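# Understanding the architecture of this molecule
Spelled out, the chains give:
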Amino acid sequence: MTRVALAFSGGLDTTVCVPLLEEEYGYDDVIGVTVDVGQPAEEFDEAEETAEALGLEHYVVDARDEFAQLCLESVRANATYQGYPLGTALARPVIAEAILEVAEEHDCTGIAHGCTGKGNDQLRFEAIWRDSDLEVIAPVRELGLTREWEQEYAAEKNLPVEGGSGGDWSIDTNLWSRSIEGDELEDPNYVPPKEIYEWTQDPTGETETIEIEFEEGYPVAVDGEEMDPVSLIEHLNDLAGSYGVGRTDSMEDRMLGLKVRENYEHPAATTLLNAHEALEGLVLTQEEREFKQLIDGKWSKKGYEGLIDAPLVSALEGFIAETQKRVTGTVKIRFEGGQARAVGRDSEFAAYSAAHASFDTETVGKITQEDATGVAKYHGFQRRLANSAVKAAEEKLEVAADGGESDETDE
Ligand code: ARG
C-alpha cells in the first residue's frame, strides 16, 4: 500500500488534491496534516470538518512554540522584506518539517502541497522536502489547475467545499502576520476596503504607552509581566492591533520575479521590531549598527526564501548573537495614530554618555569643546583637495578657450 502525506488546510486547493493524489498519482491512501502556527480556531474547525467529510485521516501538529521562537530570532535580525515582517515566509519551513516528520512516521512515500506555480510557498516547502527521499508532488502546479476547474471538479465529485470562510481574498494567517491578497486587491490602485482587516482597528486618536523588556535581543516581558514567546506575541497583536498598528500595503517582488500586490497586518511584529531597533540604537556603536544592517538584510532575504537553515544564516547568527549580548534593557513604545513609536529606552549597556552629549556641560573628563576644532579642520579634507583640483583644471580650460595661444606661452 502506498501512502502520501498532504499539507492540508481544508480550503479548495488542498481539498481537490485528496482525490487527485489517488486518481492522478496512483496513491492508495492520503493522510492530511495541518500544522498549528497560530492560525485562528476556525481554520482548524474547517480543516477538521472537511477531513471528516472526505474520510481523510487527519493529523494536527502544534508547532506554535517553535514558530514563536523563530519569530523572536527574526526580531534580533530586525527582519523585514520590502516592509513585510515575513510571517508566511518564516512559518513555511516550520510547517514543512512538521509534515515531513508525520509523513515519515506513517511510512509515506510521497509528500504533497496545494500551492500554485506562481507563489513563494511551493519553493519554501520543497526546499525542505527535496532533502528527503519522498516523492514531492504539487498537483495544482503540475496539473495546471485553475480555481474554476477546481470548483467544477469539486461539484462533480461532491467534495465538501464551502463558499470559503475568508470571503474573496486569499488569506494566510499565523502568529506573526496575516496576509491578504487576490481578487480586487490585484489592482495595485484599488484602495483596500476596511473589511480586509481583522487584526487592526482604524486609529481612534487614543494613545497608550507600554514598556517592553529585552534580554539579549529577545523580548521577555511587557509592562513588567514576563511572558513566553507565544503569549507575548498574542498579547501585542491584540493590544497594538487595537491602535491600528502594523498595516502594510506593498508591491512585493516574489522569488520567481513576479510583482504582487500584498496587504498585511502584523501589530506585534511592528511593535517588537521598532522597540528592538530603538534599543540597538542605544547600545550598539555606529559601526556595529551600520554593519548589522547588511547582516540583517541577508538574514531577511534568506528568511523570505524559506532558507533559514542555510549555512550562511548560521554564520550571520553568530554575528547577531555577539551584538545582542548587550541588547538588554527596556523600551517604551507609544501607540499613536496607527504607529508604534519608541519614546524611551534604557540599558546598563548604553553606549551613550549624557554628560558628553549635553549642551550644558563644557568639560567632561579630558575632552573639551575646543578639541573638536582640529577635527573640524580635517573634516572633508580630501574632498577639499579633489574639488579644488577640478576647479583649477576648469579655470585652466576657460582661460585657454577665451585667451587663445597668448596664454600658453609661459613655458
Ligand atoms: N507574499 C507573502 C510571502 O510570500 C505572503 C503570501 C501569503 N499568501 C496568501 N494567501 N495571502 O511570504
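Our subject in this report is the structure included herewith.

For the rest of this paragraph, the subject is the sheet that holds strand S7 (residues 178–181). Strand-to-strand pairing in sheets goes through backbone hydrogen bonds, with the strands running parallel or antiparallel. An order of S6-S7-S12-S11 is seen for the four strands of this open sheet, with the pairing classed as antiparallel. Both edges of this open sheet fall to strand S6 (170–173) and strand S11 (247–253), since each of them pairs with a single strand only. Adjacent strand axes in the sheet meet at a mean angle of 25 degrees, parallel and antiparallel pairs treated alike. Across seven bridges, the pairing between S11 and strand S12 (residues 259–265) is antiparallel. Each residue of the ladder has a partner; that of Met251, found in S12, is Arg261.

Not every one of the 13 residues close to the ligand is listed here, only the nearest: Tyr84, Asn120, Ser170, Glu252 and Glu262. Residue Asn120 places a side-chain N or O atom 2.7 Å away from an oxygen atom belonging to the ligand. Interatomic distance of 2.7 Å between a side-chain N/O atom of Glu252 and a nitrogen atom of the ligand. Protein contact buries 93% of the 350 Å² of open area that the ligand shows by itself. Of all the secondary structure elements, the ones that give two or more residues to the shell around the ligand are helix H4 (87–105), S6, S7 and S12. Looking at which element gives the most residues to the shell around the ligand, the answer is S6, with three residues. Here the shell around the ligand is composed, by residue class, of four nonpolar, four polar and five charged.

Residues Phe67, Leu86, Ile99, Trp129, Trp299 and Phe335 are the most contacted members of the largest nonpolar core, which totals 75 residues. Looking at this core element by element, the count peaks at 11 residues for H4. Leave out the neighbours within four places in its chain, and Trp299 touches Glu73, Ser74, Ala77, Ala79, Leu86, Leu90, Ile308, Val313, Leu316, Glu317 and Ile320. If you look at the next biggest cluster of nonpolar residues, it comprises 21 residues, including Phe8, Cys17, Leu21 and Leu159.

Next up on the list: helix H9 (residues 267–283). With 17 residues, H9 ought to run about 24 Å at 1.5 Å a step, and its terminal C-alpha atoms sit 25 Å apart, in line with that. Of all 17 residues that make up H9, 14 are buried, and the element is covered over most of its length.

Their axes nearest at 8 Å, the elements helix H3 (residues 64–76) and helix H8 (residues 229–242) cross at an angle of 70 degrees. With respect to each other, H3 and H8 are oriented roughly perpendicular. Taken as a pair, H3 and H8 cross one another with a handedness that is left-handed. Taking contact as the criterion, the partners of Arg64, Asp65, Ala68, Gln69, Cys71 and Leu72 in H3 are, on H8, Pro229, Val230, Ile233 and Glu234.

This model, assessed by the stated rule, comprises 28 salt bridges. A salt bridge links Asp202 to Arg247; the shortest N-O distance between them is 2.8 Å. Taken together, the residues Asp202 in the loop between S7 and strand S8 (208–215) and Arg247 in strand S11 connect sequence positions 45 residues apart. Its relative accessible area of 31% is what places Asp202 among the partly exposed residues. Salt bridges here are not isolated pairs; linked through shared partners, they connect Asp36, Asp62, Arg64 and Glu234.

One can find Thr323 in helix H11 (residues 311–324). Its relative accessible area of 3% is what places Thr323 among the buried residues. For Thr323, the side chain forms a polar contact with the main-chain oxygen of Ile320, separated by 2.6 Å. If sequence neighbours within four positions are ignored, Thr323 has contacts with Leu284, Glu288 and Lys292.

Below, the discussion takes up the packing of aromatic side chains. For the structure on display, the rule yields eight aromatic pairs. Between Tyr243 and Phe335, the aromatic rings sit 5.5 Å apart at their centres with planes inclined by 15 degrees, giving stacked as the arrangement. Here the residue Tyr243 occupies a position in the loop between H8 and S11, and Phe335 occupies one in strand S13 (residues 329–336), the gap between them amounting to 92 residues. Overall, Phe335 belongs to the buried group, its relative accessible area being 0%. Here the aromatic residues Tyr81, Tyr84, Tyr264 and Tyr304 are joined through ring pairs into a cluster of three or more.

Between its first and last C-alpha, H4 extends 28 Å over 19 residues, near the 27 Å set by a 1.5 Å rise per residue. Across the 19 residues that make up H4, a large majority, 15, are buried.

All right, on to the pairing of S11 then. Residues of S11 alternate between two faces, with Thr248, Ser250 and Glu252 buried on one and Arg247, Asp249, Met251 and Asp253 left unburied on the opposite face. Taken together, S11 and the strand that follows it, S12, pair antiparallel across an intervening segment of five residues, in which Gly257 is found at a positive phi of about 110 degrees.

Below, the discussion takes up a nonpolar patch on the surface. On the surface, a cluster of nonpolar side chains totalling about 240 Å² of accessible area is made up of Leu123, Leu256 and Leu258. Residue placement: Leu123 occurs in helix H5 (residues 121–129).

What counts, and where the lines are drawn
- Residues numbered from 1 in each chain as written.
- Predicted model: local features only at pLDDT ≥ 70, side-chain atom pairs only at ≥ 80, totals over all residues.
- Heavy atoms only, no water.
- Pairing = 2+ DSSP bridges.
- Helix = DSSP H or I, 4+ residues; strand = E, 2+ residues; numbered from the N terminus.
- Axes fitted to C-alpha atoms, helices over the stretch in contact; angles between N-to-C directions.
- Near = heavy atom within 4 Å.
- Polar contact = N/O pair within 3.5 Å; in protein donor to acceptor, adjacent residues only side chain to side chain.
- Areas by Shrake-Rupley, 256 points an atom, 1.4 Å probe, with all protein chains shown as cover.
- Nonpolar A, V, L, I, M, F, W, Y, C, P; charged D, E, K, R; others polar.
- Core = buried A, V, L, I, M, F, W, Y, C linked by side-chain atoms within 4.5 Å.
- Buried < 20%, exposed > 50% of the residue type's maximum accessible area, 1.4 Å probe, protein only.
- Contact = heavy atoms within 4.5 Å.
- Expected span 1.5 Å × (residues − 1).
- Parallel < 35°, antiparallel > 145°, perpendicular 65-115°, else oblique.
- Left-handed = near helix turned anticlockwise from the far one by under 90°.
- Salt bridge = Lys/Arg side-chain N within 4 Å of Asp/Glu carboxyl O.
- Phe/Tyr/Trp six-rings, centres within 6.5 Å; stacked < 30°, edge-to-face > 60°.
- Patch = residues over 30% accessible without salt bridge, like charges linked within 9 Å, V, L, I, M, F, W, Y side chains within 5 Å.

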